[in-house]
Number of protein chains: 2
Amino acid sequence: MLTDQRHQLIRDRLAAEGSVLAGELASRFGVSEDTVRRDLRELAKAGECRRVYGGAVASAPFAAATISQRGGHAIEEKARLANAAVAVLSAGQSLFIDGGTTNEAIARAIPRDIELTVATNSLGVASVLSDHPLVELIVLGGRYVRDLGTCVGADTLAAVAQLGADLFFLGSCGLDATRGVTAFDSSEAEVKRAMAGNSAGILIAVTNDKLATTAPYRVAAAGSISHLVVEKTAPAAILADFERQGAQIHFA
Amino acid sequence: MLTDQRHQLIRDRLAAEGSVLAGELASRFGVSEDTVRRDLRELAKAGECRRVYGGAVASAPFAAATISQRGGHAIEEKARLANAAVAVLSAGQSLFIDGGTTNEAIARAIPRDIELTVATNSLGVASVLSDHPLVELIVLGGRYVRDLGTCVGADTLAAVAQLGADLFFLGSCGLDATRGVTAFDSSEAEVKRAMAGNSAGILIAVTNDKLATTAPYRVAAAGSISHLVVEKTAPAAILADFERQGAQIHFA
DNA sequence: GCAAAACATGCAAGAACGTGCAGAACAAGA
DNA sequence: TCTTGTTCTGCACGTTCTTGCATGTTTTGC
């Protein structure tokens, strides 16, 4: 049996059942467990599964499933948020848009007949806007981080530094009325800070589960948020805190 | 038995079973394993299968089938070119890849188990490589040009200037043995020139209709091409001109 | 805390591989 | 018919890859 065939069979089994056992595969293929372990190690290195004690579990499909479930459930809500968010746009504005699924939804919600200048470090947002005929698109390059779907690093910061925007669509992070906007990744936070610093206003669109959460890295003070787009069911008390600090609240 | 007959039988077997074993084919055809290995090597070079230890597995047809639904008729030929082009890659190399549908096909043909560093100004190439787990992806940002599908301009040039690559996959342009590589757009040519200047080698993959054509803006001399990937039916006279100037010819 | 299972690593044998070379088969031309 | 050149093929050689085993380490279950 070819090594490649073993790999493919393992892939199939992972896709079908979500997990495999090293010992079982060894007896099924008629090879030693060491060989199976080597196979699993290679597949794991290629990102096609995650190695666990005793075997391996599917990574990409499983992750995709959870994302699509999460996205699938909230996707309608995110589309509503996105429509409310793009309502604040006016023709001729320039925007920063960074990463996150909410921002991709916003990019999709941007009408095709509005003239805008958009700078983004998100491949997803760039792809969506790449065929909007009236959008002048500026891609903020740099080191691409798979988990974030965005570019970060010195090159990205340098590109941001040369630009200014009327509005910054700040995506997917922690949001708290006292700690302000926070992010989970240091490099990501750097870029967001740079964008925030070069923008006249900041817009954040969040689902309820993001309200009143925090992450390690500070991005911007709560007082610098100019537009906050939330679900209709968002807790009024929390919104009042943001409103008191100058944010304009928009209900989706 | 004729060589061509063997090739056809191997093709049939690949199509029917998805994989073949070198030893088994040798005894079936009554030839030495060396001869079978030679056959498989040629078929792999032509993109009709993928060589693995112990034999070969079918490669292109399935992927090409889904792609060709979306694209035109040249898609299949481009996939063959792409498979031949990625054959020159070795692990650990760093690449520049610019725009064009051929380069997107090449990006798709890059195997998922090879470690590479890739810098590209093409949104399409970046999207394809964004989920290759072992590819370190650097996005070369700048002003996005819809017609080209790439970023160009001062920002892009500055980003290219900070990088170097072992190989530059130069896409979609005019190609002539005396005028060298030429492009249709001034800004595009600038970026290509910068990439060419910072690369140790240049690879160009072209369909026959691009051979012996020219465009207004010069990109690189014919002598700077290190690898030229062409269709099997490419005119030998033209290829000889390039070969005389140092290019290594690869047939898809 | 202990034993068993699972694991990673190094190693050696064997299989598969690529390359260079020489002979055989074949076609083209004198 | 003979010569010449080309292509195909098999063999020899050194190299690379895979695999199973031995060894020592880590994890798990009790």
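Just so it is clear, the structure is predicted and the values come from calculations on it, not from any experiment.

## Structural notes on the protein's contact with DNA strand C
In step 1: Around DNA strand C, the surrounding shell holds 18 residues, and the nearest of these are Tyr53 and Gly54 of chain A together with Arg37, Arg51 and Gly54 of chain B.
In step 2: Within 4 Å of the protein, atoms of DNA strand C come from sugar and phosphate in 61% of cases.
In step 3: Here a phosphate oxygen of DNA strand C and a backbone polar atom of Gly54 of chain A are 2.6 Å apart.
In step 4: Between a phosphate oxygen of DNA strand C and a main-chain N or O atom of Gly55 of chain A, the distance comes to 3.5 Å.
In step 5: If you list the elements that add at least two residues to the surface near DNA strand C, you get α3 (33-45) and β2 (49-52) of chain A together with α3 (33-45) and β2 (50-52) of chain B.

## Examining the packing of helix α2 (residues 22-29) of chain A against α3 of chain A
Residue and element names in this part refer to chain A.
In step 1: Contact geometry of α2 with α3 gives a least axis separation of 8 Å together with a crossing angle of 115 degrees. Considering the relative orientation of α2 and α3, their crossing is right-handed. Between α2 and α3, the contacting residues are Ala22, Gly23, Leu25 and Ala26 on the first element and Glu33, Val36 and Leu40 on the second.
In step 2: The residue makeup of the contact of α2 with α3, split by class, is five nonpolar, one polar and one charged.

## Some remarks on the sheet that holds strand β6 (residues 135-139) of chain B
As a general point, the strands of a sheet are linked pairwise by backbone hydrogen bonds and lie either parallel or antiparallel.
In step 1: Pairing within the open sheet is mixed, and its nine strands lie in the order β8(A)-β7(A)-β6(B)-β5(B)-β4(B)-β9(B)-β12(B)-β14(B)-β15(B). With one partner strand each, in any of the chains shown, β8 (150-152) of chain A together with β15 (248-251) of chain B form the two edges of the open sheet. Across the sheet, the mean angle separating the axes of adjacent strands is 30 degrees when strand polarity is ignored.
In step 2: As defined by bridge partners, strand β9 (residues 165-170) of chain B adjoins strand β12 (residues 199-205) of chain B across five bridges and the pair is classed as parallel. Paired with Leu170 of chain B across the bridge in β12 of chain B is Ile204 of chain B.

## Let's talk about the interface of chain A and chain B
In step 1: Residue-level contacts link 28 residues of chain A with 34 residues of chain B.
In step 2: Summed over both partners, the interface of chain A with chain B buries about 2300 Å², with 54% contributed by carbon and sulfur atoms.
In step 3: Counting the surface chain A buries against chain B, the share from its top three residues, Leu2, Val139 and Arg146 of chain A, is 25%.
In step 4: Linking chain A with chain B are one salt bridge, by the criterion used here.
In step 5: Note that Asp4 of chain A is salt-bridged to Arg50 of chain B, the shortest N-O span being 3.0 Å.

## A short note on the nonpolar core
In step 1: Ranked by size, the top nonpolar core spans 65 residues in total, and within it Leu89 and Phe169 of chain A together with Leu129 and Phe169 of chain B carry the most contacts.
In step 2: Not counting chain neighbours up to four residues away, the residues in contact with Phe169 of chain A comprise Ala85, Leu89, Leu95, Phe96, Ile97, Asp98, Asn103, Ile106 and Leu203 of chain A.

## Some details on the pairing of strand β3 (residues 55-58) of chain A
In regular strands, side chains alternate between the two faces of the sheet.
All names here are of chain A.
In step 1: Of the strand pairs in this sheet, strand β1 (residues 19-21) and β3 are connected by three bridges, and their pairing is antiparallel. Across the sheet, the residue bridging to Val20 is Ala56, located in β3.
In step 2: The sheet contact formed by β2 and β3 spans four bridges and is antiparallel. Opposite Arg51, over in β3, you have Ala56 as the bridge partner.
In step 3: Once β2 ends, the chain turns through two residues before running back antiparallel as β3, passing Gly54 with a positive phi of about 100 degrees.

## Let's talk about the protein's contact with DNA strand D
In step 1: Neighbouring residues of DNA strand D: 17 residues in total, closest Thr35 and Arg38 of chain A together with Arg6, Thr35 and Arg38 of chain B.
In step 2: The protein-proximal atoms of DNA strand D, defined as those within 4 Å of the protein, are 58% sugar or phosphate.
In step 3: Arg6 of chain A is positioned with one of its side-chain polar atoms (N or O) 2.9 Å from a phosphate oxygen of DNA strand D.
In step 4: In the environment of DNA strand D, a base nitrogen lies 2.6 Å from a nitrogen or oxygen atom belonging to the side chain of Arg38 of chain A.
In step 5: Elements supplying a minimum of two residues to the surface near DNA strand D: α1 (3-17) and α3 of chain A together with α1 (3-17) and α3 of chain B.

## Brief notes about the pattern of salt bridges
It is possible for side chains bearing opposite charge to pair when their charged atoms get close.
Residues and elements named next belong to chain A.
In step 1: Under the counting rule described, the total for this entry stands at 15 salt bridges over all chains.
In step 2: Measuring nitrogen to oxygen at the nearest pair gives 2.6 Å for the salt bridge that ties Asp39 to Arg6. Here Asp39, found in helix α3, pairs with Arg6, found in helix α1; they are 33 residues apart in sequence, far enough to count as distant. Side by side, Asp39 and Arg6 carry an identical accessibility label, which is buried.
In step 3: One salt bridge connects Arg28 with Glu24, and the closest N-O pair in it is separated by 3.7 Å. Taken together, the residues span about one helical turn, with Arg28 and Glu24 both in helix α2 at a distance of four residues.
In step 4: A network of salt bridges, in which partner residues are shared, links Arg13, Glu24 and Arg28.

## Description of the side chain of Asn121 of chain B
Residues and elements named next belong to chain B.
In step 1: On the secondary structure map, Asn121 appears in the loop between β5 (116-120) and α7 (123-129).
In step 2: For Asn121, a relative accessible area of 4% puts it in the buried group.
In step 3: Beyond its immediate stretch of four places on either side in the chain, Asn121 contacts Ile97, Asp98, Gly99, Leu140, Gly149, Thr150, Cys151, Thr156, Val191 and Met195.

## A short note on the domain arrangement of chain A
In step 1: When the domains of chain A are assigned, the result is domain 1 (3-58) and domain 2 (73-251).
In step 2: Placing a centre on the C-alpha atoms of domain 1 of chain A and another on those of domain 2 of chain A gives a separation of 40 Å.

## Focus: the sheet that holds strand β11 (residues 180-183) of chain B
Residue and element names in this part refer to chain B.
In step 1: Read from one edge to the other, the open sheet built from three strands follows the order β10-β11-β13, with strand pairing classed as antiparallel. Where the open sheet ends on each side, the last strands, each with one partner, are β10 (174-176) and β13 (217-220). Here the average twist between neighbouring strands, direction ignored, is 35 degrees.
In step 2: Taken strand by strand, helix α9 (residues 186-197) contacts β11 and β13, and its axis lies near 15 degrees from that of β13.

What counts, and where the lines are drawn
Residues numbered from 1 in each chain as written. Chains lettered and ligands numbered in written order. Predicted model: local features only at pLDDT ≥ 70, side-chain atom pairs only at ≥ 80, totals over all residues. Heavy atoms only, no water. Near = heavy atom within 4 Å. Polar contact = N/O pair within 3.5 Å; in protein donor to acceptor, adjacent residues only side chain to side chain. Helix = DSSP H or I, 4+ residues; strand = E, 2+ residues; numbered from the N terminus. Axes fitted to C-alpha atoms, helices over the stretch in contact; angles between N-to-C directions. Left-handed = near helix turned anticlockwise from the far one by under 90°. Contact = heavy atoms within 4.5 Å. Nonpolar A, V, L, I, M, F, W, Y, C, P; charged D, E, K, R; others polar. Pairing = 2+ DSSP bridges. Buried area = accessible area lost by both parts, 1.4 Å probe. Salt bridge = Lys/Arg side-chain N within 4 Å of Asp/Glu carboxyl O. Core = buried A, V, L, I, M, F, W, Y, C linked by side-chain atoms within 4.5 Å. Buried < 20%, exposed > 50% of the residue type's maximum accessible area, 1.4 Å probe, protein only. Domains from an automatic or database assignment.

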